[in-house]
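Letter by letter, the chains look like this.
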Amino acid sequence: MMRVVASRSVNLLHRSVGEEVKRTTYDRTHRREYRRKVQLCLDVFETMLERSNFDSDRPLTGMEIECNLVDADYQPAMSNRRVLDAIADPAYQTELGAYNIEFNVPPRPLPGHTGLDLEDEVRRSLNDAEQKANARGSHIVMIGILPTLMPEHLDEGWMSESTRYTALNESIFNARGEDIPINISGPEPLSWQAASIAPESACTSMQLHLQVSPGDFAAHWNAAQVLAGPQLALGANSPYFFGHRLWAETRIELFAQSTDTRPEELKTQGVRPRVWFGERWIDSVLDLYQENVRYFPSLLPEVSDEDPAAELAAGRTPQLSEMRLHNGTVYRWNRPVYDVVDGRPHLRLENRVLPAGPTVVDMLANSAFYYGLLRTLAEADSPLWTRMDFVVAQENFLAAAKDGIDARMRWPETGEVSARQLVLDALLPMADDGLRRWGVDVEVRERFLGVIEGRAKTGRNGASWQVATVAALEEGGLTRPAALAEMLRRYCEHMHANEPVHSWAV
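The paragraphs below set out a description of the structure included in this document.

Scoring rules and cut-offs
- Residues numbered from 1 in each chain as written.
- Predicted model: local features only at pLDDT ≥ 70, side-chain atom pairs only at ≥ 80, totals over all residues.
- Heavy atoms only, no water.
- Helix = DSSP H or I, 4+ residues; strand = E, 2+ residues; numbered from the N terminus.
- Buried < 20%, exposed > 50% of the residue type's maximum accessible area, 1.4 Å probe, protein only.
- Contact = heavy atoms within 4.5 Å.
- Areas by Shrake-Rupley, 256 points an atom, 1.4 Å probe, with all protein chains shown as cover.
- Lys, Arg positive; Asp, Glu negative; His and termini not counted.
- Charge placed at Lys NZ, Arg CZ, Asp CG, Glu CD.
- Polar contact = N/O pair within 3.5 Å; in protein donor to acceptor, adjacent residues only side chain to side chain.
- Salt bridge = Lys/Arg side-chain N within 4 Å of Asp/Glu carboxyl O.
- Axes fitted to C-alpha atoms, helices over the stretch in contact; angles between N-to-C directions.
- Left-handed = near helix turned anticlockwise from the far one by under 90°.
- Nonpolar A, V, L, I, M, F, W, Y, C, P; charged D, E, K, R; others polar.
- Phe/Tyr/Trp six-rings, centres within 6.5 Å; stacked < 30°, edge-to-face > 60°.
- Disulfide = S-S within 2.5 Å.
- Expected span 1.5 Å × (residues − 1).

1. Concerning the overall build of the protein chain
Along the backbone of the protein chain there are 16 helices and 18 strands. For the protein chain, buried positions account for 61% of its 506 residues. Counting only contacts in the protein chain whose residues sit at least 6 apart along the sequence, the fraction spanning at least 24 positions is 77%. With an accessible surface of roughly 18,400 Å², the protein chain has 46% of that area assigned to carbon and sulfur atoms. The positive charge centre, built from 53 side chains, and the negative charge centre, built from 72, are 2 Å apart in the protein chain.

If you want it as structure tokens, here you go:
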């Protein structure tokens, strides 16, 4: 059995591993003891996978939505503390950037009619938050990268007040020993030097969680890796950064580069990046945690007081804090999460592929497409990943990030095919079948999968709409900065109307 769960404040960096860290710098003693504790946690985790009763229950669905804040001119507003005080709802949290907030969607059962109820609830919550943000002079925007963000916005005052963010920034730059180069190709290539991890704050996503039993985890992770390409092609929504038109989903490459701890010499030696697609199919969730320990040094070597072996021997469930902390600083696009709730351990598959936005209905359509396909592929008698080289899945993912809805992909028994045709001919029926197995009502399936079908048929998603709208505005005489601001204003109007992006006029 498996269940989809709300994430309880799991952010792209490391909120899943604890709300705060104790210090911003670490010495050799910290790192030596942390390495010992991580290995001990891993050994205990391996024993638990063999002996412990991991929690798997009825299906629940939830997601996290990372949002941006803008002012009346649709420029970044470094006001998240004031806005969160006004919203006064624990479902809304800080994020890395002072112009970011995160909304943790309350969990709901997946079967039945609840998808439509969830749509109404999320819209009401966001509308209420928007009204309260307006009282503080801000607007909330759900988008992969804020298109009006410029280098000057990240000079100072951009980071939320938090020891954990300061510590992460220090650790990454201590590991590199130099500024981070941001070099992204595209129609208008960008080269820039980052003196902090500030560019990472530009990357706002939606994250989906699935609770899976240990025995089912490998099949679900492999399936999610297969799906990452088509999933991203349909959902791309980040074509602009610092005023440059780059990839359809620039967020993928920007996140990878802005958190890269490797100087050029280590890249040349083949050292793996911390933002990582992976390099092979897995047989067990243990494979992922072992890779984390084998390949990646610690970034935040916080040591807890827990003796996990003693906890397990006493019949209690260990928190495995060091293993969780380390896992939270290896940024896989599909990441394993170990957690303990009410004294029982569970595993979650965290899907981190998709950008935020453009609308609530678009995001719920993305989630329905993902959950339906995941169930069908994970339960298949002849799994797709047994007929696809891992590197092909990675190439599909990068093609989707670069070209979005116009991407071409390689697929078993099909060969090279457009993402749109793949969705229409093969993936939509599989997603519908998976949702049917979940017990999702036909009305819910038709609404959300109808949105995915509309995107595939029209060739319009968030990224393509943004590019077409900016081009039309520039043809009308606007400068690039003015066109981006006006595009974002129109985007926000459409976002609040909650009509799916494929129906938006340019």
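Still to come is the rest of the account.
2. A look at the side chain of arginine 375
Considering the arrangement of structural elements, one finds arginine 375 in helix H11 (residues 360-378). Within polar-contact distance, the side chain of arginine 375 engages the side chain of glutamate 379 at 2.9 Å.

3. Describing the pattern of salt bridges
Under the defined criterion, the tally for this structure stands at 34 salt bridges. A salt bridge links arginine 352 to glutamate 350; its shortest N-O distance comes to 3.9 Å. Neither arginine 352 nor glutamate 350 differs from the other in exposure class; each is buried. Glutamate 493 is paired through a salt bridge with arginine 489; the nearest N and O atoms lie 2.7 Å apart. Of the two residues, glutamate 493 and arginine 489 are both situated in helix H16 (residues 480-497); the distance of four residues between them amounts to about one turn of the helix. Members of the salt-bridge network, linked through shared partners, are Arg375, Glu379, Asp433, Arg436 and Arg437.

4. Let's talk about the packing of helix H5 (residues 214-235) against H11
One can describe the packing of H5 onto H11 by two numbers: an axis separation of 9 Å at closest approach and a directional angle of 145°. As for how H5 packs across H11, the hand of that crossing is right-handed. Seen from H5, the contacting residues are Ala219, His220, Ala223, Ala224, Val226, Leu227, Gln231 and Gly235; seen from H11, they are Asn366, Tyr370, Leu373, Leu374, Leu377 and Ala378. In the contact of H5 with H11, the residues fall into 10 nonpolar, four polar and no charged.

5. Description of the packing of aromatic side chains
Scanning the entire structure with this criterion turns up 20 aromatic pairs. Ring centres of tryptophan 276 and phenylalanine 296 lie 5.5 Å apart, and the angle between their planes is 70°; this geometry places the pair in the edge-to-face category. Placement of tryptophan 276 in strand E13 (residues 275-276) and of phenylalanine 296 in the loop between helix H8 (285-295) and helix H9 (308-313) is noted, with a sequence separation of 20 residues between them. The class of tryptophan 276 is buried, set by a relative accessible area of 5%.

6. Considerations on H8
What H8 keeps buried is the set Val285, Leu286, Asp287, Leu288, Tyr289, Glu291 and Asn292. Among the residues of H8, the N-terminal cap falls to serine 284, whose side-chain oxygen and the backbone nitrogen of leucine 286 are separated by 3.0 Å.

7. As for the environment of glycine 434
On the secondary structure map, glycine 434 appears in helix H13 (residues 419-438). As a C-alpha pair, glycine 434 and leucine 300 span 134 residues in sequence and 39 Å in three-dimensional space.

8. Here we look at the state of the cysteines
Tallying each qualifying case throughout the model produces zero disulfides. With no disulfide partner, cysteine 203 has as its closest neighbouring cysteine sulfur the one in cysteine 67, 15 Å distant.

9. A word on unusual backbone geometry
Of the consecutive residues glycine 357 and proline 358, the connecting peptide bond is found in the cis state with omega at 0°. Backbone geometry places alanine 88, a non-glycine residue, at a positive phi of 50°. With respect to the helices and strands, alanine 88 occurs in the loop between helix H2 (80-87) and strand E4 (92-94). Overall, alanine 88 belongs to the exposed group, its relative accessible area being 62%. Even without being glycine, aspartate 342 reaches a positive phi, approximately 55°. In this structure, aspartate 342 sits in the loop between strand E15 (334-341) and strand E16 (344-351).

10. Some words on the environment of leucine 227
Of note, leucine 227 is situated in helix H5. In the structure, leucine 227 is positioned 137 residues away from leucine 364 in sequence and 17 Å away in space, judged by C-alpha atoms. Contacts of leucine 227, omitting those with residues within four sequence positions, involve Tyr370, Leu373, Leu374 and Leu377.

11. Regarding helix H1 (residues 28-51)
Its 24 residues give H1 an end-to-end C-alpha distance of 35 Å, which sits within 8% of 34 Å, the value for a rise of 1.5 Å per residue. Every buried residue belonging to H1 is among Tyr34, Lys37, Val38, Cys41, Leu42, Val44, Phe45 and Met48, and all of these are buried. As for H1, its buried residues are in contact with H8, H9, helix H10 (321-327), E15 and E16.

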